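A closer look at the structure
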Amino acid sequence: MKELFLWCVRLRMNSRKLIFAGAMTTVAAALLHLWFLSHPLTVSSYNSSNGSMQPSQLSETLQEPRIYRIQHLPANSIISQNSSIEVMQSVPVEGRAGDSNGKRWKTDDKSKVIPTPPPPSPRSPTLSLQRYIWTLTPIEALLFAKKEIDHAPIITEDAELYAPLFRNISVFKRSYELMEMTLRVYIYSNGKRPIFHHPYLRGIYASEGWFMKLMRGNKHFVTEDPEKAHLFYLPYSVRQLQLALYVPNSHSMKPLTNFLRDYVNMIAAKYPFWNRTHGSDHFFVACHDWGPYTTVAHTELKENAIKVLCNADLSEGIFVAGKDVSLPETTIKFPKKPQRHIGGGNRVSQRPILAFFAGYMHGRVRPILLKYWKDDEDMKIYRRLPHLVSKEMSYIQHMKSSRYCICPMGYEVNSPRIVEAIYYECVPVIIADNFVLPFGEVLDWSAFSVVIPEKDIPKLKEILLAIPLRKYLEMQVNVKMVQKHFVWHPVPIKYDLFHMVLHSIWFNRLNQIQDPQSH
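- The protein chain is annotated in an unreviewed UniProt entry as Exostosin domain-containing protein of Citrus sinensis.

1. So, the side chain of His 398
- Its place among the elements puts His 398 in helix H14 (residues 395-400).
- Side-chain polar atoms of His 398 contact the backbone oxygen of Met 393, separated by 3.3 Å.
- Aside from chain neighbours lying at most four places away, what touches His 398 is Ile 353, Phe 356, Tyr 382, Leu 385, Val 389 and Met 393.

2. Points about the nonpolar core
- With 136 residues, the main nonpolar core has Phe 211, Met 215, Tyr 236, Phe 283, Tyr 404 and Leu 443 as its most contacted residues.
- Here this core takes 9 residues from helix H18 (residues 497-512), the largest share from any one element.
- When neighbours within four sequence positions are excluded, Phe 283 is seen to be in contact with Val 185, Phe 211, Leu 231, Phe 232, Tyr 233, Leu 234, Ile 306, Val 308 and Ile 505.

3. Description of a nonpolar patch on the surface
- Together, Tyr 162, Val 477 and Met 481 make up a nonpolar patch on the protein surface, roughly 220 Å² of accessible area in all.
- With respect to the element layout, Val 477 can be found in helix H17 (residues 469-482).

4. Topic: the sheet that holds strand S4 (residues 231-233)
- Judged by pairing direction, the sheet is parallel, and its 5 strands sit side by side in the order S3-S4-S5-S6-S7 without closing on themselves. Edge positions in the sheet fall to strand S3 (185-187) and strand S7 (325-326), since each has one partner strand and no second.
- When S3 meets S4, the two strands line up parallel, connected through 3 bridges. If you follow Ile 187 over to S4, its bridge partner there is Tyr 233.

5. A closer look at the layout of surface pockets
- Estimated volume of the second largest pocket: approximately 630 Å³.
- Looking at the second largest pocket, it is lined by 23 residues, and the ones nearest its centre are Ile 204, Tyr 360, His 362, Arg 366 and Arg 417.
- For the lining of the second largest pocket, the per-class residue count stands at 9 nonpolar, 7 polar and 7 charged.

6. Section: the pattern of salt bridges
- Counted by the stated rule, this structure contains 12 salt bridges.
- Its salt-bridge partner being Arg 261, residue Asp 262 comes within 3.1 Å of it at the nearest N-O pair.
- Taken together, the shared-partner salt bridges connect Asp 158, Glu 160, Lys 173 and Lys 494 into one network.

7. Comments concerning the state of the cysteines
- Applying the stated rule across the entire model yields 2 disulfides.
- What pairs with Cys 287 in a disulfide is Cys 310, and their sulfur atoms sit 2.1 Å apart. Looking down the S-S bond of the Cys 287 and Cys 310 bridge, the torsion is -95 degrees, so its handedness is left-handed. Remark: Cys 310 occurs in the loop between strand S6 (306-309) and S7 and Cys 287 occurs in the loop between strand S5 (282-286) and helix H11 (299-303); sequence separation between them is 23 residues. No difference in accessibility class separates Cys 287 from Cys 310, as the two residues are buried.
- At a sulfur-sulfur separation of 2.2 Å, the disulfide partner of Cys 405 is Cys 426. On the sign convention where negative means left-handed, the S-S torsion of about 110 degrees between Cys 405 and Cys 426 marks this disulfide as right-handed. Placement of the pair is Cys 405 in strand S10 (residues 402-408) and Cys 426 in the loop between helix H15 (417-423) and strand S11 (427-431), with a sequence separation of 21 residues. This pair shows no difference in class: Cys 405 is buried, exactly as Cys 426 is.
- Regarding the disulfides, the protein chain carries the connectivity 1-2, 3-4 under sequence-order numbering of its bonded cysteines.

8. Quick word on helix H7 (residues 206-216)
- Among the 11 residues in H7, 9 count as buried, and that is most of the element.
- All buried positions along H7 are accounted for by Ala 206, Ser 207, Glu 208, Gly 209, Trp 210, Phe 211, Met 212, Leu 214 and Met 215.

9. So, the pairing of S6
- Where burial is concerned, the two faces of S6 agree: the one with Ile 306 and Val 308 and the one with Lys 307 and Leu 309 are both buried.
- In this sheet, S6 lies alongside S5 in parallel orientation, the contact comprising 4 bridges. Bridge assignment links Phe 284 to a residue of S6, and that residue is Lys 307.
- As paired elements, S6 and S7 share 2 bridges and run parallel to each other. Its bridge partner lying in S7, Leu 309 is registered against Ser 326.

Rules behind the numbers
Residues numbered from 1 in each chain as written. Predicted model: local features only at pLDDT ≥ 70, side-chain atom pairs only at ≥ 80, totals over all residues. Heavy atoms only, no water. Helix = DSSP H or I, 4+ residues; strand = E, 2+ residues; numbered from the N terminus. Polar contact = N/O pair within 3.5 Å; in protein donor to acceptor, adjacent residues only side chain to side chain. Contact = heavy atoms within 4.5 Å. Core = buried A, V, L, I, M, F, W, Y, C linked by side-chain atoms within 4.5 Å. Buried < 20%, exposed > 50% of the residue type's maximum accessible area, 1.4 Å probe, protein only. Patch = residues over 30% accessible without salt bridge, like charges linked within 9 Å, V, L, I, M, F, W, Y side chains within 5 Å. Areas by Shrake-Rupley, 256 points an atom, 1.4 Å probe, with all protein chains shown as cover. Salt bridge = Lys/Arg side-chain N within 4 Å of Asp/Glu carboxyl O. Pairing = 2+ DSSP bridges. 1 Å grid on protein atoms, 1.4 Å probe; cavity = no way out; pocket = protein on both sides within 12 Å on 5 of 7 lines; lining within 4 Å. Points joined across faces, edges and corners; volume = space filled by probe spheres on them. Nonpolar A, V, L, I, M, F, W, Y, C, P; charged D, E, K, R; others polar. Disulfide = S-S within 2.5 Å.

Below, the structure is given as structure tokens:
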């Protein structure tokens, strides 16, 4: 019995030793696992069997735990359809590299240190692509974006965009995402107010002022380091230029054109950036009718720079489709609330007027319109809205009560009535030969407007009545949906008018650059 008791005691002690040994083994394994994840792994050599990786790529010290390193590698270059501008808003803006003290820029600054981009989230392919873009030079980034857009993933619908409005929603979506991740704009600080840096925010020329105001206040796209810029903004206002320099009744724009010639020559002499591309990556924004004509004294400003113009007339030989940008003309009466009175159009059943126009009779088109249709019962075509008529129904009420709003050119091809019609949910009828419609590189204007050649004005009513009701109803819905792309906001929002203008500049710049490896 005593021997049996001693044997049981020894068996219990051995069991405890085994349990303790097992526990120690588990702890050691856990510690080894933690060390393996946190300790840098140095790969000194590697013999590639398939040539997919170079030895120099692998002879680096991986300073991250390997589990995260694997997650950082993007499987492909497809951007998530839900990517947002918020991704970029946390990126700090680099300090100014140059001209605030009047220093001349150097073209061969080899001591410039490129900052290491902040690490992206390990689970986001968009941020991995963003990190890659940060490593590229400006021209490399543009070429990369151009290739990515050419291979845009196919989408047929989107939560934020209405597909029927677009020529190719897949291309636009991809291009817009890459603009958000890539584009940086440098604004020249030279020039005195009011011609420079002083936006004109009221009236029919307000578009140039609103773009200037919102561009100058933007912290996402604006860079203070011109070496990082993809585009360069010449921040002058043609409206302010006209007010400051034009001699009344002189019928001469020479003071304006010579002033801009001297300004561009100064920019080209002080900085290397204009001469580097002969101005092809520089742009200005002008809604005044004289905008295109003020460039004629400087050949490169006229022919190479990206001109963002309300007066987008192909017949003048100044505006170049595919390079220059058509700027929507917006009449702003209340600068503190630029979107006031937008929307609220009547239902289709409450639009008894077939078509409406009222305005001055300047230009070649409007007198013809009045000649043929001033006495028509179904269409309300006026020289000016008569006082007795306006007492019963205002100009805006006429637009809200009409199926179609006639938007004929005046002295120039552009008209604020196009955007006004969109605001009041009235299908615009555009009569202006040689006019390049705003955002025509991405928007399908046939989905929400009617374009009529000037020679067909005598057949205007016939053309409108021939449009099937179903087609009209589709266009009227599309007008409502396209409104968001034609509205200025004091604080810009995604896909609004500010971003659409900027995207057109970005998109047209991409179309102009050539990949040297493709030749």
